[in-house]
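Spelled out, the chains give:
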Amino acid sequence: MDNLARRLTAEFAGTCLLVAAVVGSGIMADNLTDDIALALLCNTVATAAALVVLISVFGPVSGAHFNPAVSLVMLFLKEMPLAAFLLYSLAQTLGGIAGTILAHAMFELPIVQFSTHLRTGTGQWIAEAVAAFGLILTILTVSKSKPDNIPMLVGLYIATAYWFTASTSFANPAVTLARALTDTFAGIRPMDAPGFILAQIAGALAAFGFWKFLSRGGAPR
């Protein structure tokens, strides 16, 4: 139980800092420039760099999922029991909300907000499925072949997906819920969050199935 407590604390802290980086860098970029492309680039760099650092720091403790979709795939791989999956998802969700609150506090914004940033439609949902598919496939493949490269490759994939997906690659149900609570650059309307989350889960499951097909149930050669 003590080990599980440490793992849950790592998942909470890692997701908190990740969301603080996503939301905080969006606020900073929006404050410094009116150029939306430049703001998105700044947001991208900060998010990708944070992922590399946070996965490296917390990976040895909890696996550094920071994402219920990742934990769900680990459940299907039988690398964690159902109870741990549920607790991981709760810790990630609460950590994400704490990260949004932390970003608001740092920039002296109202702590409690609801986003008005419209993000919905078929293209956005497809984009989220693609973003989650690529993220999960990267993690599954690299974790078996070159696990030390996971932090860098996950960061690089998310940086790329920020720009080639129409949704700017949330790819994470916990982060999506957290971003629904900020009416800033990184926000998403609460009513749009369920569509994103369903698409992310679908993409994650598709990646799991595709990986199983490629690897024939084992590690890819």
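In what follows, the structure referred to is the one given above.
Residues numbered from 1 in each chain as written. Predicted model: local features only at pLDDT ≥ 70, side-chain atom pairs only at ≥ 80, totals over all residues. Heavy atoms only, no water.

### Quick word on the layout of surface pockets
Next up, step 1: What the largest pocket holds in volume is close to 620 Å³.
Next up, step 2: As for the largest pocket, its lining consists of 35 residues, and the residues nearest its centre are Gly63, Ala64, His65, Val70 and Ile139.
Next up, step 3: Elements with a contribution of two residues or more to the lining of the largest pocket: helix 1 (2–32), helix 2 (36–62), helix 3 (68–76), helix 5 (122–145), helix 6 (150–164) and helix 7 (173–179).
Next up, step 4: Looking at the lining of the largest pocket residue by residue, the classes come out as 23 nonpolar, eight polar and four charged. (1 Å grid on protein atoms, 1.4 Å probe; cavity = no way out; pocket = protein on both sides within 12 Å on 5 of 7 lines; lining within 4 Å. Points joined across faces, edges and corners; volume = space filled by probe spheres on them. Helix = DSSP H or I, 4+ residues; strand = E, 2+ residues; numbered from the N terminus. Nonpolar A, V, L, I, M, F, W, Y, C, P; charged D, E, K, R; others polar.)

### So, helix 3
Next up, step 1: Across the nine residues of helix 3, eight count as buried, placing the element largely inside the fold.
Next up, step 2: Along helix 3, the residues classified as buried are Pro68, Ala69, Val70, Ser71, Leu72, Val73, Met74 and Leu75.
Next up, step 3: The N-cap of helix 3, judged by a side-chain oxygen 2.9 Å from the amide nitrogen of Ala69 a few residues on, is Asn67. (Buried < 20%, exposed > 50% of the residue type's maximum accessible area, 1.4 Å probe, protein only. Polar contact = N/O pair within 3.5 Å; in protein donor to acceptor, adjacent residues only side chain to side chain.)

### Remarks on the side chain of Ser115
Next up, step 1: Mapped onto the fold, Ser115 is located in the loop between helix 4 (82–106) and helix 5.
Next up, step 2: Residue Ser115 is classed as buried on the basis of its relative accessible area of 5%.
Next up, step 3: Within the local environment of Ser115, its side chain forms a polar contact with the backbone nitrogen of His117, the two atoms lying 3.0 Å apart.
Next up, step 4: Those residues within four positions of Ser115 in sequence are excluded, and the remaining contacts are Arg179, Ala180, Thr182, Asp183, Gly187, Ile188, Arg189 and Pro190. (Contact = heavy atoms within 4.5 Å.)

### Topic: the packing of aromatic side chains
Next up, step 1: What the rule picks out here adds up to five aromatic pairs.
Next up, step 2: Both rings, one in Phe58 and one in Phe66, keep their centres 6.2 Å apart while their planes meet at 85°; by these two values the pair is edge-to-face.
Next up, step 3: Using a relative accessible area of 2% as the deciding quantity, one classes Phe66 as buried.
Next up, step 4: Between Phe133 and Phe210 the ring centres are 5.7 Å apart and the planes differ by 40°, which places this aromatic pair in the tilted class. Of this pair, Phe133 sits in helix 5 while Phe210 sits in helix 8 (residues 193–215), and the two are 77 residues apart along the sequence. (Phe/Tyr/Trp six-rings, centres within 6.5 Å; stacked < 30°, edge-to-face > 60°.)

### What about the packing of helix 2 against helix 6?
Next up, step 1: One can describe the packing of helix 2 onto helix 6 by two numbers: an axis separation of 8 Å at closest approach and a directional angle of 160°. In terms of orientation, helix 2 and helix 6 fall into the roughly antiparallel class. Considering how the two elements wind past one another, helix 2 and helix 6 form a crossing that is right-handed. Listed contacts from helix 6 to Ala37, Leu40, Leu41, Asn43, Thr44, Thr47, Ala48, Leu51, Val52, Ile55 and Ser56 of helix 2 are Ile150, Pro151, Met152, Val154, Gly155, Ile158, Ala159, Tyr162 and Trp163.
Next up, step 2: Looking at the contact of helix 2 with helix 6 residue by residue, the classes come out as 15 nonpolar, five polar and no charged. (Axes fitted to C-alpha atoms, helices over the stretch in contact; angles between N-to-C directions. Parallel < 35°, antiparallel > 145°, perpendicular 65-115°, else oblique. Left-handed = near helix turned anticlockwise from the far one by under 90°.)

### A few points about the packing of helix 1 against helix 4
Next up, step 1: It is the contact of helix 1 with helix 4, at a shortest axis distance of 6 Å, that shows an interaxial angle of 35°. Here the hand of the crossing between helix 1 and helix 4 comes out right-handed.
Next up, step 2: Here the contact of helix 1 with helix 4 is built from residues that sort into 16 nonpolar, eight polar and two charged.

### Notes on the pattern of salt bridges
Next up, step 1: Counted by the stated rule, this structure contains two salt bridges.
Next up, step 2: With a shortest N-O distance of 3.5 Å, Glu79 and Lys144 are connected by a salt bridge. Of this pair, Glu79 sits in the loop between helix 3 and helix 4 while Lys144 sits in helix 5, and the two are 65 residues apart along the sequence.
Next up, step 3: The salt bridge partner of Asp192 is Arg189, with a shortest N-O separation of 2.8 Å. (Salt bridge = Lys/Arg side-chain N within 4 Å of Asp/Glu carboxyl O.)

### Observations concerning unusual backbone geometry
Next up, step 1: Despite not being glycine, Glu108 has its phi angle at roughly 55°, a positive value.
Next up, step 2: Structurally, Glu108 is set in the loop between helix 4 and helix 5.
Next up, step 3: Residue Glu108 is classed as exposed on the basis of its relative accessible area of 73%.

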